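Chain residues, written in single-letter form:
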Amino acid sequence: MQKPIDIGTNRQLFLDDYVIDSMSGAKRVIHSPTRREAVIVGDKPWDRASVSYMSVIRDGDLYRGYYRCDHEGSDKREGSPRHTAYAESTDGIHWEKPILGLHEFEGSRDTNLVWLSPGANMCVFIDGNPAEPPERRYKAVVRTGRLEGEALGAPGPCVLALSSPDGINWGLMQDAPILTDDPFDSFNIAFWDEWTHLYVIYTRGVGGSDGPFKGGVRWIRRATSDDFLNWSGLELIDTGEVPSEHLYTNSCVPYERSPGTYLMFPSRLVLDHTPDPDWVGGPGVNDIVFMSSRDGITWDRTFKEAFIRPGQDYENWHERGVYFERGIFQTSPDTLSMYCSDHWRYPTTRISRYTLRTDGFVSVNAGHRGGEFTTKPIVFEGSELEINYSTSAVGSVQVEIQDEQGRPERGFSLADSPEQYGDKIDHRVSWTGGADISTFTGRPVRLRFVLKDADLFAFKFN
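Rules of the game
Residues numbered from 1 in each chain as written. Predicted model: local features only at pLDDT ≥ 70, side-chain atom pairs only at ≥ 80, totals over all residues. Heavy atoms only, no water. Phe/Tyr/Trp six-rings, centres within 6.5 Å; stacked < 30°, edge-to-face > 60°. Helix = DSSP H or I, 4+ residues; strand = E, 2+ residues; numbered from the N terminus. Buried < 20%, exposed > 50% of the residue type's maximum accessible area, 1.4 Å probe, protein only. Contact = heavy atoms within 4.5 Å. Pairing = 2+ DSSP bridges. Core = buried A, V, L, I, M, F, W, Y, C linked by side-chain atoms within 4.5 Å.

## Observations concerning the packing of aromatic side chains
Remark: the centre distance and the inter-plane angle together describe each pair of aromatic rings, the angle taken between the planes. Using the criterion set out here, one finds 36 aromatic pairs in the structure. Ring centres of Phe 125 and Tyr 199 lie 6.3 Å apart, and the angle between their planes is 55 degrees; this geometry places the pair in the tilted category. Here Tyr 199 lies in strand 16 (residues 198–207) and Phe 125 lies in strand 11 (residues 120–126), a separation of 74 residues in the sequence. The same class applies to Phe 125 and to Tyr 199, which are both buried. Within the aromatic cluster, the residues linked to one another by ring pairs are Phe 14, Phe 373, Phe 380, Phe 449, Phe 459 and Phe 461.

## Section: the environment of Val 289
Structurally, Val 289 is set in the loop between strand 23 (285–288) and strand 24 (291–293). On the accessibility criterion, Val 289 (0% relative accessible area) is buried. As for Val 289 and Asp 226, which are separated by 63 residues in sequence, their C-alpha atoms are 30 Å apart. If near-sequence neighbours (up to four positions away) are discounted, Val 289 is found in contact with Leu 247, Met 264, Phe 265, Pro 266, Arg 268, Arg 301, Lys 304, Glu 305, Ala 306 and Phe 307.

## Let's talk about the pairing of strand 30 (residues 371–375)
When you tally the buried positions in strand 30, you get four out of five residues, the bulk of the element. Here strand 3 (residues 20–24) runs beside strand 30; their pairing, made up of four bridges, is antiparallel. When the bridges of strand 30 are listed, Ser 22 appears paired with Thr 374. Pairing geometry for strand 30 and strand 34 (residues 445–461), over four bridges, is antiparallel.

## A short note on unusual backbone geometry
The amide bond that connects Ser 117 to the next residue, Pro 118, takes the cis arrangement and shows omega of 0 degrees. Examined against the element boundaries, Pro 118 turns out to sit in the loop between strand 10 (113–115) and strand 11. A cis geometry characterises the amide bond from Asp 182 onward to Pro 183, with omega recorded as 20 degrees. Considering the arrangement of structural elements, one finds Pro 183 in the loop between strand 14 (171–172) and strand 15 (189–193). A positive phi angle, close to 50 degrees, is found at Glu 106, a residue other than glycine. Under the relative-accessibility criterion, Glu 106 is labelled exposed at 68%. For Asp 359, which is not a glycine, the phi torsion comes out positive at approximately 65 degrees. Mapped onto the elements, Asp 359 comes out in the loop between strand 28 (350–357) and strand 29 (362–366). By relative accessible area, which is 0% here, Asp 359 ends up buried.

## Notes on the pairing of strand 16
The element strand 16 is largely enclosed, with a buried count of nine among its 10 residues. As paired elements, strand 15 and strand 16 share five bridges and run antiparallel to each other. The residue of strand 16 that forms the bridge with Ile 189 is Tyr 202. Counted between consecutive antiparallel strands, the loop separating strand 15 from strand 16 contains four residues, among which His 197 sits at a positive phi close to 60 degrees. In terms of strand pairing, strand 16 meets strand 17 (residues 217–225) through nine bridges, oriented antiparallel. Within strand 17, the position partnered with Thr 203 by the bridge is Arg 221.

## Notes on the nonpolar core
Among the nonpolar cores identified, the biggest contains 53 residues, and Phe 265, Phe 290, Phe 307, Phe 361, Leu 385 and Phe 459 are the most heavily contacted of them. Of all the secondary structure elements, the ones that give two or more residues to this core are strand 1 (5–8), strand 26 (323–332), strand 27 (335–342), strand 28, strand 29, strand 31 (378–380), strand 32 (385–403) and strand 34. Considering every element that reaches this core, the biggest residue donor is strand 34, with nine residues. With 36 residues, the next largest nonpolar core counts Leu 179, Phe 184, Ile 220 and Tyr 262 among its residues.

## Description of the sheet that holds strand 17
Strand order in this open sheet of four strands is 15-16-17-18, and the pairing throughout is antiparallel. Lying at the two open borders of the sheet, with one neighbouring strand each, are strand 15 and strand 18 (235–236).

## Side note on the sheet that holds strand 19 (residues 246–247)
Sheet architecture is open: three strands sit in the order 19-22-23, paired in antiparallel fashion. Either end of the sheet is taken by a strand with one partner, and the two such strands are strand 19 and strand 23. The pairing of strand 22 (residues 267–270) with strand 23 spans four bridges and is antiparallel. The residue bridging Arg 268 from the neighbouring strand is Asp 287, located in strand 23.

Printed below as a string of structure tokens:
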């Protein structure tokens, strides 16, 4: 007998097969976001060379974005200036670069710069650790180059810890690096994990059959800390296979609408595909892939297809042409907004907003002929079932509640389930006897979903 999974009132997505027991005539499919408008463009003397590696936080009614910028004339070599600039928005869609007057560029303080050195590629988060004082409410990490790291006493590139009382004025938490086991190039992601009550960081690493630092592919490592200054050893993430593809960034986020779910959007670098052999940046081309995890160290790579392709825009068809930035937010009831840099190393360098249906990363899909799946035994809290689904005009979704052995519960069988059709994010399921299912609270049950020309994205109990 399978041990029931206690899901409480947590929303269940179909990123993996964790809650699925059997499936017939249906399959899980990944959905790609749609590129919308450019939100940050390189239009200032200090950011015209490139804008990239943006981390976005939601701070009350304000969205705050921190992005790397390279100034005109920067040659991108070791030691070339890479600064951090600041932008803000009230809706996550329309962004401004406020003049802060903090840091000077070419003789003027009329800039939106918030950090010059040491280090760059700043990842910012609001610290939810109740033990931390207000003056350290905002935290960040930056990575240094080789020369900066050596000046700080590290053998090479390293990671530094920053804090701020207001998200604008930043300082080092200590002079010494918090991590020195390089490589740390690209975007290192740190945050306070509300579910484990630890600080977590995901950094650049190397993995493969030749060992962690000998000829392997670009990969991802993870470490944890309870004070943000002293960290566990960096550990390669596990995807259940020997790393064989270059994953150059990670952009990890805990998905707040589904507690215990972590999402990752690495940039996949393909070195043996070079559309323009004369491209000066280097060989290869990249896209963005999708992974998910329930513990932060073991990651599901069911979907090897690209989450975001370079598309028809030729200026994205080169190495590191598109990067997924850090931050996913529900900017309307039915829409998630996320951000990607593209046109990197072109004069049209920019960060664009992408949108996806709320919870819409993966669905269980059945075509016109229909299909179904049944969950493993689950235990829930609440009195009603909510689903996120979409059907065609002829399509439908039906839900049957079964006991632990798979027998239909009286009054909640498939025959008692009217066809649900339409396109809704938070639809309350009803049976012929009503929507109240409180009689099953705390008891192991199974759910049987029968679909026709429909997608089911998520379910939860309220």
